[in-house]
Amino acid sequence: MVTEYHGPGNLSKIIDRLPVKFIGGRLCLDFVNTVGGRDQAGTIIRDKIGSYEDLLAWSVLAGSVDRRCAGVLASLAAREAHEAASVLSRAVRLREALYRMFQCAIEGQRPANADANVLRHELSIARAQQRLSAQDGRFVWTFPERLTAPDSILWPVPLSAAELLTSSELARLGQCGGADCGWLFLDTSRNHRRQWCDMQDCGNREKVRRFRRKLRA
Ligand SMILES: [Zn+2]
């Protein structure tokens with residue numbers, strides 16, 4: 001069923017213009033990739049999530065929140081600015097903790113306790129909201145309280161991260177080799193040699209760099 005969107009017009013505009021890409025292969029990875037990139041030290045270059053509305057727009061584009069729900073949450077957040085701001089800071093804290101945890105996973109290192117605790121905390125909040133619901137002759141996990149909880153847009157992220165961290169797919173976790181990118185992805189290529197977030201983007205830039213180097217030589 002397609003739901004008509006009647007929420008604040010501003011959100012529709014943000015959804016249309018939010019400069020995000022979905023190349024990670026898992027919700028939690030695309031969530032970590034909501035930055036323009038990261039330099040060698042891990043410092044963020046251009047954060048694409050600067051407000052609760054940005055986070056909401058990203059969730060709609062990611063498919064983790066439907067537009068009707070997003071419209072209701074946008075109105076709620078406009079009334080509860082304090083709470084919306086606190087959800088935004090939780091989102092950024094979770095994103096950065098996940099980035100460091102996934103990097104540790106790639107490098108075969110143990111993640112910092114503080115980062116794992118951030119994930120555990122968000123995971124416990126999300127799990128407490130899950131309900132086992134009967135739908136079309138089977139059972140599925142749903143979130144019945146979403147329309148009244150501004151932080152409900154975060155819930156799918158820790159669930160996705162926990163699923164990936166505990167699955168054998170973690171061995172396929174990769175990081176873009178582009179300069180100042182650092183985006184994460186699941187390498188599902190047959191030979192497991194994916195190097196770039198996007199061949200059209202970092203891949204092409206590297207090709208141009210190599211070509212120029214060759215010309216200079
Ligand atoms: Zn890249």
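Our structure is the block above this text.
Residues numbered from 1 in each chain as written. Predicted model: local features only at pLDDT ≥ 70, side-chain atom pairs only at ≥ 80, totals over all residues. Heavy atoms only, no water.

Caption draft 1: Inspection of a nonpolar patch on the surface at higher detail. Together, Leu132, Phe139 and Trp141 line one region of the surface with nonpolar side chains, adding up to about 420 Å² of accessible area. With respect to the element layout, Trp141 can be found in strand 4 (residues 138-142). On the accessibility criterion, Trp141 (57% relative accessible area) is exposed. (Patch = residues over 30% accessible without salt bridge, like charges linked within 9 Å, V, L, I, M, F, W, Y side chains within 5 Å. Areas by Shrake-Rupley, 256 points an atom, 1.4 Å probe, with all protein chains shown as cover. Salt bridge = Lys/Arg side-chain N within 4 Å of Asp/Glu carboxyl O. Helix = DSSP H or I, 4+ residues; strand = E, 2+ residues; numbered from the N terminus. Buried < 20%, exposed > 50% of the residue type's maximum accessible area, 1.4 Å probe, protein only.)

Caption draft 2: The coordination of the zinc ion, seen in detail. In the first shell of the zinc ion, the protein supplies Cys176 (SG), Cys181 (SG), Cys197 (SG) and Cys202 (SG), at 2.3 Å from the metal. Considering all 4 donor atoms around the zinc ion, angles at the metal cover 106 to 113 degrees and the coordination shape is tetrahedral. Motif for the zinc ion, donor spacing along one chain: C-x4-C-x15-C-x4-C. Linking Cys181 in the loop between strand 5 (173-175) and strand 6 (184-186) with Cys197 in the loop between strand 6 and helix 8 (199-216), this pair joins segments that are 16 residues apart in sequence. Each member of the pair, Cys181 as well as Cys197, carries the same accessibility label: buried. (Donors = N, O, S within 2.8 Å, 3.2 Å for Na, K, Ca; no water. Tetrahedral: all angles 85-135°; square planar, octahedral: opposite > 155°, others 65-115°.)

Caption draft 3: Inspection of the packing of aromatic side chains at higher detail. Summed over the entire model, instances satisfying the criterion amount to 3 aromatic pairs. In this structure an aromatic cluster arises from ring pairing among Phe22, Phe31 and Trp58. It is Arg38 that lies over the ring of Tyr99; its NZ or CZ is 3.8 Å from the centre. For Arg194, the ring lying beneath its charged end belongs to Phe185, and the centroid distance is 4.0 Å. (Phe/Tyr/Trp six-rings, centres within 6.5 Å; stacked < 30°, edge-to-face > 60°. Lys NZ or Arg CZ within 6 Å of the ring centre and 35° of its normal.)

Caption draft 4: Focus on the environment of Thr43. With respect to the helices and strands, the residue Thr43 is situated in the loop between strand 1 (35-38) and strand 2 (44-47). Exposure remark for Thr43: the relative accessible area of 45% places this residue in the partly exposed category. Residue contacts for Thr43: discarding those within four places in its chain leaves Gly37 and Arg38. (Contact = heavy atoms within 4.5 Å.)

Caption draft 5: Up close: the pattern of salt bridges. Scanning all chains against the criterion turns up 13 salt bridges. Note that Asp201 is salt-bridged to Arg205, the shortest N-O span being 3.0 Å. Of this pair, Asp201 and Arg205 both sit in helix 8, separated by 4 residues, roughly a single helical turn. For Arg205, a relative accessible area of 44% translates into the label partly exposed. Sharing partners across several salt bridges, the network here consists of Lys21, Asp198, Asp201 and Arg205.

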